Amino acid sequence: MDALKEVFFKHGIELVCVKDKVQALEWAKKMIEPKMTIGLGGSTTVAQIGLLEYLTSLKNITLFNQYEKGISMQENTNRRRQGLLSDLYICGTNALTRNGELINADGSGNRVAAQIYDKKKVLIVTGRNKIVETVEEGFKRITEIAAPKNIERMNNTAIAMGKEPRNNMNNIGNKWAYIDGDVEGRTMVILVDEDLGF
């Protein structure tokens, strides 16, 4: 994994390799400053390392948390929009290549848009299971692994809430982003030496 650091650096992306979820959380905490506004993209990995729980416990930041229980759909949408222009955007990635590229698919588009747009800082947390050799393998990983698991997870959540399960590949994976580089200092990827997320 360490060999990827130099590759991503050439693409303007800082890659930090850590051994486990505990180290990942400690690195992520270093990115958070008082009075920051922070946006979130859907990420099982961010929750798995304990970062989502940590963020919701902080009183000295403004967190645009669209996952807060009890908020309306309109408030959910508003928070996604606000997150796009936050000081720090935190999310996962569907795939990263050994050539220093990031590949993502999204339903609402807020996560892929935030990874690309504006001068904010972007923090991406991911597991070793997301590493692929090529862009084509990244697309395949999304359509054959990440999307089906996310569809199942989201539909199970809908059923548990008494809602109709409506998620499928046509509505959760119809907006794609391919990132081959970024402005130096904008994006950091924390790569964890564990299998995390989908």
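Along every chain, residues carry numbers that run from 1 in the direction the sequence is written. Totals for whole chains, interfaces and linings use every residue, but because this is a predicted model, local features are given only for residues with pLDDT of at least 70 and side-chain atom pairs only at 80 or more, for both listing and counting. Based on all heavy atoms of the structure, the side-chain values leave hydrogens and waters out of the count.

A look at the overall build of the protein chain
On a plain count of helices and strands, the protein chain comes out with eight helices and 10 strands. The size measure is the radius of gyration over C-alpha atoms, and the globule rule it meets is 2.2 Å times the number of residues to the 0.38 power. Over its C-alpha trace the protein chain gives a radius of gyration of 16 Å, about what one expects of a compact globule, namely 16 Å for 198 residues. Once the C-alpha set of the protein chain is aligned to its principal axes, its extents read approximately 45 × 40 × 30 Å. Partly exposed residues are those whose accessible area sits between 20% and 50% of the maximum for their type, while under 20% is buried and over 50% is exposed, using a 1.4 Å probe and protein chains only. Evaluated residue by residue, the protein chain yields a buried proportion of 48% over its 198 residues. Within the protein chain, contacts between residues at least 6 apart in sequence are counted, and of these 76% link residues at least 24 apart. Computed by Shrake-Rupley with a 1.4 Å probe, the accessible areas treat only the displayed protein chains as cover when residues are assessed. Working note: accessible area of the protein chain is about 10,200 Å², and carbon and sulfur atoms make up 51% of it. Computing the positive centroid from 27 side-chain charges and the negative centroid from 25, the protein chain places the two 5 Å apart. A helix here means a DSSP run of H or I that spans at least four residues, while a strand means a run of E at least two residues long, and both kinds are numbered starting from the N terminus. We call two residues in contact whenever any of their non-hydrogen atoms come within 4.5 Å of each other. Positive charges come from Lys and Arg alone, negative charges from Asp and Glu alone, with His and the N- and C-terminal ends not counted. Charged groups are reduced to one reference atom each: NZ for lysine, CZ for arginine, CG for aspartic acid, CD for glutamic acid.

Comments concerning the nonpolar core
Nonpolar side chains in soluble globular proteins tend to end up buried together. In terms of nonpolar packing, the biggest core is built from 25 residues, with I38, L51, L55, I90 and L123 touching the most fellow members. Broken down by secondary-structure element, the contributors of at least two residues to this core are β1 (13-18), α2 (21-30), β2 (37-40), α4 (51-57), β4 (88-91), β7 (121-127) and β10 (187-192). Excluding residues that lie within four positions of it along the chain, L123 makes contacts with A28, M31, L51, L88, Y89, I90, C91, M188 and I190. Residues enter a nonpolar core if they are buried and are Ala, Val, Leu, Ile, Met, Phe, Trp, Tyr or Cys, with the set joined through side-chain atoms within 4.5 Å. C17, L96, I179 and V189 belong to the second-largest nonpolar core, a separate cluster that totals 16 residues.

Remarks on the sheet that holds β10
If you walk across this open sheet you meet the six strands as β1-β10-β7-β4-β2-β3, and the pairing is parallel. With partners counted over all chains shown, the strands left at the sheet margins are β1 and β3 (62-64), one partner each. Across the sheet, the mean angle separating the axes of adjacent strands is 20° when strand polarity is ignored. Paired strands are those between which DSSP finds at least two bridges. Here β7 pairs with β10 via six bridges, running parallel. Its bridge partner lying in β10, I124 is registered against V189. Fitting a line to C-alpha atoms yields each axis, with helices limited to the stretch in contact; the angle taken between N-to-C directions then spans 0 to 180 degrees. Its contacts with the sheet place α2 against β1, β7 and β10, and it is angled at close to 165° to β10.

Structural notes on the sheet that holds strand β8 (residues 131-132)
Read across the sheet, four strands follow the order β8-β5-β6-β9 without closing on themselves; strand pairing throughout is mixed. Two strands lie at the open edges of the sheet, namely β8 and β9 (175-179), each paired on one side alone. Pairing between strand β5 (residues 95-97) and β8: two bridges, direction parallel. The partner of L96 across the bridge, within β8, is I131.

With respect to the pairing of β1
Counting buried positions along β1 yields five of six residues, so the element is predominantly enclosed. Relative to β10, β1 runs parallel, the two sharing six bridges. Bridged to I13 within β10 is T187.

Overview of the packing of aromatic side chains
Put simply, two rings from Phe, Tyr or Trp (the six-membered ring, in Trp's case) pair if the centres are within 6.5 Å, and we call them stacked under 30 degrees between planes, edge-to-face over 60, tilted for the rest. Counting across every chain of the model gives one aromatic pair. When the ring centre of Y54 is taken as origin, the NZ or CZ atom of K29, which lies over that ring, is 4.7 Å away. The rule for a charge over a ring is simple: NZ of Lys or CZ of Arg within 6 Å of the ring centre, and within 35 degrees of the ring normal. Over the aromatic face of W27 sits the side chain of K30, whose NZ or CZ is 4.0 Å from the ring centroid.

Comments concerning helix α5 (residues 73-84)
An ideal rise of 1.5 Å per residue puts 16 Å on 12 residues; α5 measures up with 17 Å between its terminal C-alpha atoms. Turning to α5, its buried residues are N76, R79 and G83. Taken down its axis, α5 places every buried residue within 65° of arc, on the same side. Helix span, expected: 1.5 Å multiplied by one less than the number of residues in the helix. The arc in question is the one spanned by the directions pointing from the helix axis to the C-beta atoms.

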